[in-house]
Amino acid sequence: MKIAEDANSLQFEAETPGFSPFAVTGKGGEEEPDGAGIIAEPTVTVEKTPVPTPTEKKGIPGFGLFAGLSVLLIAVQLLRKKK
């Protein structure tokens, strides 16, 4: 979107969804009223890929750690009784 213009420069403002450095440059010169000197360049479109949303884990937090520790303690107790 053009926000300002003077005899020497134009100022534009744009919003981007993320960091993307770019620069707009051009050569000054005489303007042609019919636009004959304008050369259209193809534009590149980028498709947005959907960002997967994190799924919520259901259950008791730390249950795996608790179960593993319990099994380890039971194994240690069984090994001690055999001696």
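Residues numbered from 1 in each chain as written. Predicted model: local features only at pLDDT ≥ 70, side-chain atom pairs only at ≥ 80, totals over all residues. Heavy atoms only, no water.

Helices and strands together make up the secondary structure of the protein, namely one helix and two strands. In the protein, which comprises 83 residues, the proportion classed as buried is 0%. When the accessible surface of the protein is split by element, carbon and sulfur atoms take 60% of a total near 9300 Å². (Helix = DSSP H or I, 4+ residues; strand = E, 2+ residues; numbered from the N terminus. Buried < 20%, exposed > 50% of the residue type's maximum accessible area, 1.4 Å probe, protein only. Areas by Shrake-Rupley, 256 points an atom, 1.4 Å probe, with all protein chains shown as cover.)

The tally for this structure, following the rule as stated, stands at one salt bridge. Across the salt bridge formed by Glu5 and Lys2, the nearest N and O atoms sit 2.6 Å from each other. (Salt bridge = Lys/Arg side-chain N within 4 Å of Asp/Glu carboxyl O.)

Attention now moves to the environment of Ile3. Residue placement: Ile3 occurs in strand S1 (residues 2-5). Each C-alpha atom, one on Ile3 and one on Glu13, is 6.5 Å from the other, the two residues being ten residues apart in sequence. For Ile3, the contacting residues outside a window of four places in its chain are Gln11, Phe12 and Glu13. (Contact = heavy atoms within 4.5 Å.)

Once that is clear, we can look at the confidence of the model for the protein. Across the protein, the average pLDDT comes to 76, with 67% of residues at or above 70. Within the protein, the element-level pLDDT minimum falls on strand S2 (residues 10-12), averaging 81, and the maximum on helix H1 (residues 63-82), averaging 91. (pLDDT = per-residue confidence, 0-100.)

This part is about H1. Counting along an α-helix, one turn takes 3.6 residues, and residues three or four places apart therefore face a common direction. A rise of 1.5 Å per residue sets the reference length of H1, with its 20 residues, at 28 Å; its end C-alpha atoms lie 29 Å apart and thus fit the reference within 8%. Buried residues are scarce in H1, accounting for zero of its 20 residues. (Expected span 1.5 Å × (residues − 1).)

Pairing geometry for S1 and S2, over three bridges, is antiparallel. Bridge pairing links Glu5 to Leu10 in S2. (Pairing = 2+ DSSP bridges.)

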